[in-house]
Amino acid sequence: MDNRDVAAPAGNPNDQLWVVATVGRLAGQGLLERPAETTDPIAVAGQLLPAGAPLTAMSWFVRELLAMLSRYAEGATAGWAETDQKLIRARGAESGHVFLSIFERSRAYLPGVPERLDRSGAAFLDVGTGAAGIVIAMCRAHDRLRAVGLDISAAAVTAAREQVAAAGLGNRAEIREQSVTAIEDVDAFDLLWVPQLFLPEPVLAEALPRLRRAARHRAGLLMPISTNRDTGVSGAVTDLRNLMTGGGTLSAQAASTMLQTAGFSGVEAVDLPAGTVMVARVE
């Protein structure tokens, strides 16, 4: 999944950082879709900078990106490591909308799965739940659904449990501070969400057989992957960004092989506006 949420022009890296920071500043002021007042010369000047940056850019994303870049520059290891509760909750709120869009576009590849989610006893697994935005969105979309969210980040788990409680879903949503490689559920879930972009390849390879055991007969799996179709400097940057997010670059062919080796069937790579998503079933 190519995370190109903010487009910066090629050229001097210093210029690129100023463009990204400007988009974040303007978004925070609500000035991405309306002109700045002439009494604010910094905003007026800023609106001339982000040529090509989509107006849908959000201040929380830019701040999270800058925080990640800062950690990277200071020598941080790979992996999503946000601890700012505001940024964690903001990503969670957005992730729910993104997931529902992906799920809707993937329905044709998961025959029978959407209908199963409305039955009594249906269950959903969200790997890397963050602030539980996807868990909450799914529970609200399916009144009988139970959901389990996993995350190894203590900060994320804290945010997730607070968000679930605030949504009044404490009796239907369980948040576990647990690695996906330690999941022991068997025949428990009707749909699994496994974002490869946060899972290093060795972790994913170890987790997939466990996830196969955790899935019920005729369950479905959605696994967005971090691909890379760029070349040259852009390609190197994409690979670097994918590594720093946690999962690294993974081709659809390699992802398909991993899923089939773990026992999943009907594996397909679906290209969606949000990126490439692997769809699989349990027969």
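If you're wondering where the values come from, they're calculated on a predicted model, not measured in any experiment.

Attention now goes to the layout of surface pockets. The computed volume of the second largest pocket comes to approximately 200 Å³. Forming the boundary of the second largest pocket are 14 residues, of which Gly92, Ala93, Gly133, Ile136 and Arg140 lie nearest the centre. Those elements giving two or more residues to the lining of the second largest pocket turn out to be α4 (85-106), α6 (133-141) and α7 (154-166). For the lining of the second largest pocket, the element with the highest residue contribution is α4, accounting for six residues. A per-class count over the lining of the second largest pocket returns seven nonpolar, five polar and two charged.

Glancing now at α4. Helix length check: α4 (22 residues) gives 31 Å between terminal C-alpha atoms against 32 Å at 1.5 Å per residue, within 8%. Among all positions in α4, only Leu87, Ile88, Gly92, Ser95, Gly96, Phe99, Ile102, Phe103 and Ser106 are buried. The N-cap residue of α4 is Asp84: its side-chain oxygen and the backbone nitrogen of Lys86 are 2.9 Å apart.

Residues other than glycine seldom take positive phi values, yet Ala132 does so here, at roughly 70 degrees. Of note in the backbone geometry, Arg218 takes a positive phi value of approximately 70 degrees without being a glycine.

Right, let's get into the sheet that holds strand β6 (residues 265-272). Taken together, the seven strands give an open sheet; going across it, the order is β3-β2-β1-β4-β5-β7-β6, and neighbouring strands pair in mixed fashion. Since the sheet does not close on itself, it has two edges, and those belong to β3 (173-177) and β6, each with one partner. Across the sheet, the axes of successive neighbouring strands diverge by a mean angle of 15 degrees, strand direction being ignored. Pairing between strand β1 (residues 123-127) and strand β2 (residues 146-151): five bridges, direction parallel. From the neighbouring strand, Leu125 faces β2, where its bridge partner is Val148. Across the sheet, α4 lies against β1, β4 (189-193), β5 (215-224), β6 and β7 (275-281), angled at about 120 degrees from β4, the strand it touches most.

This next bit is on the pattern of salt bridges. In the structure shown here, the tally under the stated rule is ten salt bridges. Arg71 is paired through a salt bridge with Glu82; the nearest N and O atoms lie 3.6 Å apart. Within this pair, whereas Arg71 is found in helix α3 (residues 59-73), its partner Glu82 is found in the loop between α3 and α4, the two being separated by eleven residues in sequence. Accessibility expressed as a relative area gives 4% for Glu82, which makes it buried.

This part covers the nonpolar core. One finds Leu125, Phe189, Val194, Leu211, Met223, Leu259 and Phe264 to be the most contacted residues of the largest nonpolar core, which totals 32 residues. Those elements that provide at least two residues to this core are β1, β2, β4, α8 (201-214), β5, α10 (252-261) and β7. At five residues, the largest contribution of residues to this core is made by α8. When neighbours within four sequence positions are excluded, Phe264 is seen to be in contact with Leu208, Leu211, Arg212, Leu221, Leu259, Ala280, Arg281 and Val282. Leu110, Ala132, Ala147 and Ala160 belong to the second largest nonpolar core, which has 29 residues in total.

Quick look at the side chain of Arg116 now. Considering the arrangement of structural elements, one finds Arg116 in helix α5 (residues 113-116). Here the side chain of Arg116 touches His217 through a polar contact of 3.0 Å, landing on its backbone oxygen. Beyond its immediate stretch of four places on either side in the chain, Arg116 contacts Ala122, Asp190, Arg216, His217, Arg218 and Ala219.

The next subject is the pairing of β5. The element β5 is extensively covered by neighbouring structure, given that seven of its ten residues are classed as buried. Two strands pair when backbone bridges link them, and β4 and β5 are joined in this way by four bridges, in the parallel orientation. Looking at β5, one finds that Leu191 is bridged to Gly220. On the question of chirality, the crossover connecting β4 to the parallel β5 by way of α8 is right-handed. Both β5 and β7 contribute to a ladder of five bridges, which runs antiparallel. Bridged to Leu222 within β7 is Val279.

What counts, and where the lines are drawn
Residues numbered from 1 in each chain as written. Predicted model: local features only at pLDDT ≥ 70, side-chain atom pairs only at ≥ 80, totals over all residues. Heavy atoms only, no water. 1 Å grid on protein atoms, 1.4 Å probe; cavity = no way out; pocket = protein on both sides within 12 Å on 5 of 7 lines; lining within 4 Å. Points joined across faces, edges and corners; volume = space filled by probe spheres on them. Helix = DSSP H or I, 4+ residues; strand = E, 2+ residues; numbered from the N terminus. Nonpolar A, V, L, I, M, F, W, Y, C, P; charged D, E, K, R; others polar. Expected span 1.5 Å × (residues − 1). Buried < 20%, exposed > 50% of the residue type's maximum accessible area, 1.4 Å probe, protein only. Polar contact = N/O pair within 3.5 Å; in protein donor to acceptor, adjacent residues only side chain to side chain. Pairing = 2+ DSSP bridges. Axes fitted to C-alpha atoms, helices over the stretch in contact; angles between N-to-C directions. Contact = heavy atoms within 4.5 Å. Salt bridge = Lys/Arg side-chain N within 4 Å of Asp/Glu carboxyl O. Core = buried A, V, L, I, M, F, W, Y, C linked by side-chain atoms within 4.5 Å. Right-handed = clockwise from strand over helix to strand, strands pointing away.

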